[in-house]
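# Reading the structure
In case you want the letters, here they are:
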Amino acid sequence: MNAPQPPAPLSAQWFDGRSSRARPAQMRLVASPNGTRLQLRAQDGAGETLDLAHKQVGWPERWSAGRAPPRVAVDLGAHGSLQIDDVAGWQAALAQAGHRSSLAERMQTRWSVLLAVLLIAGAGVWAFYRWGTPWAATQITRHVPLAWELALTEQAMKQIDADYVKPSKLPPERQAELRAGFDKLVALIGPDLQRYRGYRPPFKLEFRSGMGPNAFALPGGTIVMTDAMVEQARTIPNTGDTALLGVLAHEIGHVEHRHTTRMVVEQGVLNIGLGLALGDVSTLVSTGASLLTGLSYQRSHETESDCYAVAMMKKAGLPTAPMADLLLGVERQMEDKMRQRGKSDGASAPTEKPEAAARQRQADWFSTHPDTEGRAERLKTGQALGCSQRKLLFS
């Protein structure tokens, strides 16, 4: 059996960094366990040699067959550089030495490799958004102190009272009646209705006017309900207060799940993760992705709170159908106001078409709340999207 032939030498010009004059040389590429080695011998009579390990050489990137350069430049680090005019010979020497191209080189010369890397990277970013970010935010939120949430809510309420709402005009007796029902719901909170073990926020119900029908939760246990929401509940015969309790149970769910705090943490985790993944590719892409995924996270929070409300109302022995009727009533009121505003602006009332319905379904993805009609239908049956008893039991 014949022994393998040693690689043929290539002629090169060696710029050793000690003078500006090129030195004629011959070089070989030799396979080794730690990567391709470069061996060099000067041909100017000095007899100087080099034997450089793979990591000591700045290997030039590969190129496709149709874009071969006129010559090859090889960085030798502290030993200067080589210039090789025989481009085809250089490629053949690399192949004979079993030189393995870097991933960056393969991405530049092979479309299949580039496509595979892009698909893997895209899947990684999606997985980080879909599962990694919520999981990381949940773990971090466990360690956010309640005192921070209370301080944040105190500042937020000052701004809300100054810029957005007015003092409630509900009679004190009516406020006390609703607070009594709210306190009964809070008293039901036990291990089965806790998102974070040991989290005990001081729940408080506030009333404000100056806004349409609404209720919202602030971190740390403060829940605000508008006079207009209480008034809207009067349109539901006999079960208006039950409907309001269902809304309050939903808001209690926001507090127990610490959704506002998780939103702050999620956006921070997402921005950091996208920054690491996308680098400086595009600030717009990073910001836009944060916006869209942030809206999606809010949708998931609404679904979690619906699940929580279903469980809490069931524990209280109260139906969720009145809450669904209240949600639909608020939705209809908002639509009526929009139509009236359109008429006052000289616009005709919108006509429902299949195309418009399809656009509405697509636009719902950008909404922070799930589809109201579908949500109400599920609540009427005492269910909510994606609910299971296991989702309510967290460590």
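Nothing here was measured: the structure is a model prediction, and the numbers come from that model.

Once that is clear, we can look at the overall build of the protein. Broken down by element type, the protein carries 12 helices and 10 strands. In the protein, buried positions account for 40% of the 395 residues. Contacts in the protein between residues far apart in sequence, at least 24 positions, make up 63% of those at least 6 positions apart. For the protein, the accessible surface area stands at approximately 22,600 Å², while carbon and sulfur atoms represent 57% of it.

Counting residues in each nonpolar core, the largest one holds 41 residues, and the members touching the most others are Ile223, Met225, Leu244, Leu248, Ile252, Met312 and Leu326. The greatest single-element share of this core, amounting to 8 residues, is contributed by helix H7 (residues 240–256). By size, the runner-up hydrophobic cluster in this structure holds 23 residues, among which are Leu10, Ala25, Ile84 and Trp90.

With that out of the way, let us pick up the sheet that holds strand S5 (residues 72–75). Taking strand neighbours across the sheet as the criterion, the 6 strands line up as S4-S3-S2-S1-S6-S5 in an open arrangement whose pairing is antiparallel. The open sheet has two free edges, formed respectively by strand S4 (49–52) and S5, since each of these has just one partner strand. Averaged over all pairs of adjacent strands, the angle between strand axes in this sheet comes to 30 degrees, irrespective of strand direction. Pairing of strand S2 (residues 23–30) with strand S3 (residues 37–42) involves 6 bridges; the strand directions are antiparallel. Paired with arginine 28 across the strands is glutamine 39, a residue of S3. On top of the sheet, helix H1 (residues 87–96) reaches strand S1 (10–15), S2, S5 and strand S6 (81–84); it is set at about 30 degrees to S2, its chief contact.

Let's shift gears to the side chain of histidine 250. Along the chain, histidine 250 falls in helix H7. Residue contacts for histidine 250: discarding those within four places in its chain leaves Glu302, Ser305, Asp306, Ala309, Met323 and Arg375.

Our next topic: helix H12 (residues 372–380). Three or more residues of H12 are buried, namely Thr372, Gly374, Arg375, Ala376 and Leu379. Just downstream of H12 lies glycine 382, where phi reads positive at about 75 degrees.

Taken together, the side chains of Glu335, Asp371, Glu373 and Glu377 make up a negatively charged region of the molecular surface. On the secondary structure map, glutamate 377 appears in helix H12.

Okay, the packing of aromatic side chains next. Taken as a whole, this structure holds 2 aromatic pairs when the rule is applied. When the centroid spacing of 6.2 Å and the interplanar angle of 35 degrees are considered together, the rings of tryptophan 59 and tryptophan 90 count as tilted. Linking tryptophan 59 in the loop between S4 and S5 with tryptophan 90 in helix H1, this pair joins segments that are 31 residues apart in sequence. Overall, tryptophan 90 belongs to the buried group, its relative accessible area being 1%. Stacked on the ring of tyrosine 196, the Lys or Arg arginine 258 has its end atom at 5.7 Å from the ring centre.

Bringing unusual backbone geometry into the picture now. One non-glycine residue, asparagine 238, lies in positive phi territory at about 70 degrees. Locating asparagine 238 in the fold gives a position in the loop between helix H6 (227–233) and H7. Residue classification places asparagine 238 among the exposed positions, given a relative accessible area of 83%. You will see that arginine 258, though not glycine, has its phi angle at about 55 degrees, which is positive. Inspection of the secondary structure assignment puts arginine 258 in the loop between H7 and helix H8 (259–278). Judged by relative accessible area, arginine 258 falls into the buried class, the value being 4%.

Strand order in the open sheet made by the 4 strands is S7-S8-S10-S9, with mixed pairing throughout. Lying at the two open borders of the sheet, with one neighbouring strand each, are strand S7 (166–167) and strand S9 (215–217). Where strand S8 (residues 204–209) meets strand S10 (residues 222–226), 5 bridges bridge the pair, whose relative direction is parallel. Its bridge partner lying in S10, arginine 208 is registered against threonine 226. Contacting S8 and S10, helix H5 (residues 172–187) crosses the sheet at an angle of about 145 degrees to S8.

Okay, the packing of H5 against H7 next. For the pair H5 and H7, interaxial distance at closest approach is 10 Å and the crossing angle is 50 degrees. Judged on the interaxial angle alone, H7 and H5 are oblique. For the crossing formed where H5 meets H7, the hand is right-handed. Residue-level contacts link Arg174, Glu177, Leu178, Gly181, Phe182, Leu185 and Val186 of H5 to Asp241, Leu244, Leu245, Leu248, Ala249 and Ile252 of H7.

Together, Trp148, Leu152 and Val264 make up a nonpolar patch on the protein surface, roughly 250 Å² of accessible area in all. Among the structural elements, valine 264 can be located in helix H8. The exposure class assigned to valine 264 is partly exposed, which follows from its relative accessible area of 47%.

About the thresholds
- Here the residue numbers are simple positions, counted from 1 along each chain's written sequence.
- Only residues with pLDDT of at least 70 are given local features in this predicted model, and only at 80 or more are side-chain atom pairs given and counted; all residues enter the totals for whole chains, interfaces and linings.
- With hydrogens and water excluded, all non-hydrogen atoms of the structure serve as input to the side-chain values.
- Here a strand is any run of E in DSSP of at least two residues, a helix any run of H or I of at least four, and the numbering for each starts at the N terminus.
- Think of it in three bands: residues with accessible area under 20% of the maximum for their type are buried, residues over 50% are exposed, and the middle band is partly exposed, with areas taken using a 1.4 Å probe on protein chains only.
- By the convention used here, residues are in contact when the closest approach between their heavy atoms is within 4.5 Å.
- The Shrake-Rupley method, run with a 1.4 Å probe, gives the accessible areas here. Residue values count only the displayed protein chains as cover.
- To form a nonpolar core, buried Ala, Val, Leu, Ile, Met, Phe, Trp, Tyr and Cys residues must be joined to one another through side-chain atoms within 4.5 Å.
- DSSP-based pairing: two strands are paired if at least 2 bridges between them are found.
- Lines fitted to C-alpha atoms define the axes, with helix axes restricted to the stretch in contact, and inter-axis angles between N-to-C directions lie between 0 and 180 degrees.
- Here the term patch refers to residues with relative accessible area over 30% and no salt bridge, with like charges joined within 9 Å and nonpolar side chains (Val, Leu, Ile, Met, Phe, Trp, Tyr) within 5 Å.
- Salt bridges, as used here, are contacts in which a Lys or Arg side-chain nitrogen is within 4 Å of a carboxyl oxygen on Asp or Glu.
- In this charge count, Lys and Arg are treated as positive and Asp and Glu as negative; neither His nor the chain ends contribute.
- Every charge is mapped to an atom, namely NZ of Lys, CZ of Arg, CG of Asp or CD of Glu.
- Pairing of aromatic side chains requires ring centres within 6.5 Å, counting the rings of Phe and Tyr and the six-membered ring of Trp. Pairs whose planes differ by under 30 degrees are stacked, by over 60 edge-to-face, and all others tilted.
- Two conditions define a charge sitting above a ring: the NZ of Lys or the CZ of Arg must be within 6 Å of the ring centre, and it must be within 35 degrees of the ring normal.
- Should an angle fall under 35 degrees it is taken as roughly parallel, and over 145 as roughly antiparallel, whereas 65 to 115 is taken as roughly perpendicular and any remaining angle as oblique.
- Handedness of each helix crossing follows the sense of rotation of the near helix against the far helix: counterclockwise by less than a right angle gives left-handed, clockwise gives right-handed.

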